[in-house]
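Observations on the three-dimensional arrangement
Read off the chains here:
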Amino acid sequence: MRVLIVEDEKEIADGITGILKDEGYVIDAVYDGEEGLSYILSGVYDLILLDVMLPGISGFDIVKKVRSEGIDTQVIMLTAKSQIEDKIQGLDLGADDYLTKPFDAGELLARIRARIRNTTDIKGNILSTYDIELDASTFRLKQGARAIKLSKTEYQLLECLMVNKGQILPRDTIITKVWGVDDSGDYNSLEVYISFLRKKLKFMKRIGFLFKTVGNIRC
Ligand code: CA
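Residues numbered from 1 in each chain as written. Predicted model: local features only at pLDDT ≥ 70, side-chain atom pairs only at ≥ 80, totals over all residues. Heavy atoms only, no water.

1. Regarding the overall build of the protein chain
Broken down by element type, the protein chain carries 8 helices and 12 strands. The buried share among the 219 residues of the protein chain stands at 47%. When contacts within the protein chain are restricted to residue pairs at least 6 apart in sequence, those whose partners lie at least 24 apart make up 58%. Accessible surface, the protein chain: about 10400 Å² in total, of which carbon and sulfur atoms supply 50%. (Helix = DSSP H or I, 4+ residues; strand = E, 2+ residues; numbered from the N terminus. Buried < 20%, exposed > 50% of the residue type's maximum accessible area, 1.4 Å probe, protein only. Contact = heavy atoms within 4.5 Å. Areas by Shrake-Rupley, 256 points an atom, 1.4 Å probe, with all protein chains shown as cover.)

Structure follows, in structure tokens:
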């Protein structure tokens, strides 16, 4: 899962980044509103943690703009104030949930799992498709009694394919979701990791979940 943090208080952004990385999430963090908006408009994130009071453009204005562009990514607003008006305004503008700062790690993780569960078949840390299960906390792929450990990149790629099963995704979209927006991934890396996953899925005898890779990728 790829999560974007838009938060101008760098210590808070760093703290959240550490907590979520430990849980296997892939994190990008930006520290002002304009940059946050442009990252969100890339459409590659599974969830956004969005501060309200930001330099440049406020979190409220960002969520309004994002929804008007038809992007339905889950958004949890982070607010320093506990005023009920702030919460209502955020939800009215299209945010999915809010957290009042300061919050603890357990509450943050529970809220994120609850939002992601709304969009995929995830139970706790387990994502399942057909009869295979992918564990976000251990990067293990399981089918019945068989289990195999994936590398972090293999995990991110397979998770992306499982969450989007049945859809056809452009290669560039998958590369951005797995390797991020800083262009560290390319078509060659994608081919290499697709072939790693094919071998592991063959070992699991999950021939039914061997995605097609002609042109775009059918998940
Ligand atoms: Ca702030």
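2. Notes on the coordination of the calcium ion
At the metal site, the calcium ion is ligated by D8 (OD), D51 (OD) and M53 (O), and these contacts range over 2.1 to 2.3 Å. The sequence pattern describing where the donors of the calcium ion fall on their chain is D-x42-D-x1-M. Given the relative accessible area of 2%, D51 is considered buried. (Donors = N, O, S within 2.8 Å, 3.2 Å for Na, K, Ca; no water.)

3. Observations concerning the sheet that holds strand 5 (residues 97-100)
The sheet built from 5 strands is open, its strands ordered 2-1-3-4-5 with parallel pairing. Unpaired on one side and paired on the other, strand 2 (26-30) and strand 5 mark the two borders of the sheet. Here the average twist between neighbouring strands, direction ignored, is 20°. With 5 bridges joining them, strand 3 (residues 47-51) and strand 4 (residues 74-79) adopt parallel strand pairing. Bridge pairing in strand 4 places L49 opposite I76. (Pairing = 2+ DSSP bridges. Axes fitted to C-alpha atoms, helices over the stretch in contact; angles between N-to-C directions.)

4. Quick notes on the pattern of salt bridges
This model, assessed by the stated rule, comprises 12 salt bridges. Of the charged contacts in the structure, one is a salt bridge between D51 and K101, with a shortest N-O distance of 3.0 Å. Taken together, the positions of D51 in strand 3 and K101 in the loop between strand 5 and helix 5 (105-117) put the pair 50 residues apart, joining distant regions of the chain. Summarising the burial analysis for this pair, D51 and K101 share the class buried. (Salt bridge = Lys/Arg side-chain N within 4 Å of Asp/Glu carboxyl O.)

5. Description of the pairing of strand 8 (residues 132-135)
Strand direction decides the pairing type here: strand 7 (residues 126-129) and strand 8, joined by 4 bridges, are antiparallel. Within strand 8, the position partnered with I126 by the bridge is D135. Note that strand 8 and strand 9 (residues 140-143) share 3 bridges and pair antiparallel. Within strand 9, the residue paired with E133 across the bridge is K142.

6. Quick look at helix 6 (residues 152-163)
Between its first and last C-alpha, helix 6 extends 16 Å over 12 residues, near the 16 Å set by a 1.5 Å rise per residue. Most of helix 6 is tucked away: 9 of the 12 residues are buried. Regarding helix 6, the residues found buried are E154, Y155, Q156, L157, L158, E159, C160, L161 and M162. (Expected span 1.5 Å × (residues − 1).)

7. Some thoughts on the nonpolar core
One finds L134, L141, L150, L157, L158, I174 and L190 to be the most contacted residues of the largest nonpolar core, which totals 25 residues. When residues of this core are traced back to their parent elements, those giving at least two are strand 8, helix 6, helix 7 (171-179) and helix 8 (187-203). Ranked by the residues each element gives to this core, the list is headed by helix 6, at 6 residues. Listed in part, the 20 residues of the second largest apolar core include I48, L50, L54 and V75. (Core = buried A, V, L, I, M, F, W, Y, C linked by side-chain atoms within 4.5 Å.)

8. Comments concerning the side chain of T17
Structurally, T17 can be placed in helix 1 (residues 10-22). Ignoring anything within four residues of it in the chain, the contact list for T17 reads I5, I27 and A29.

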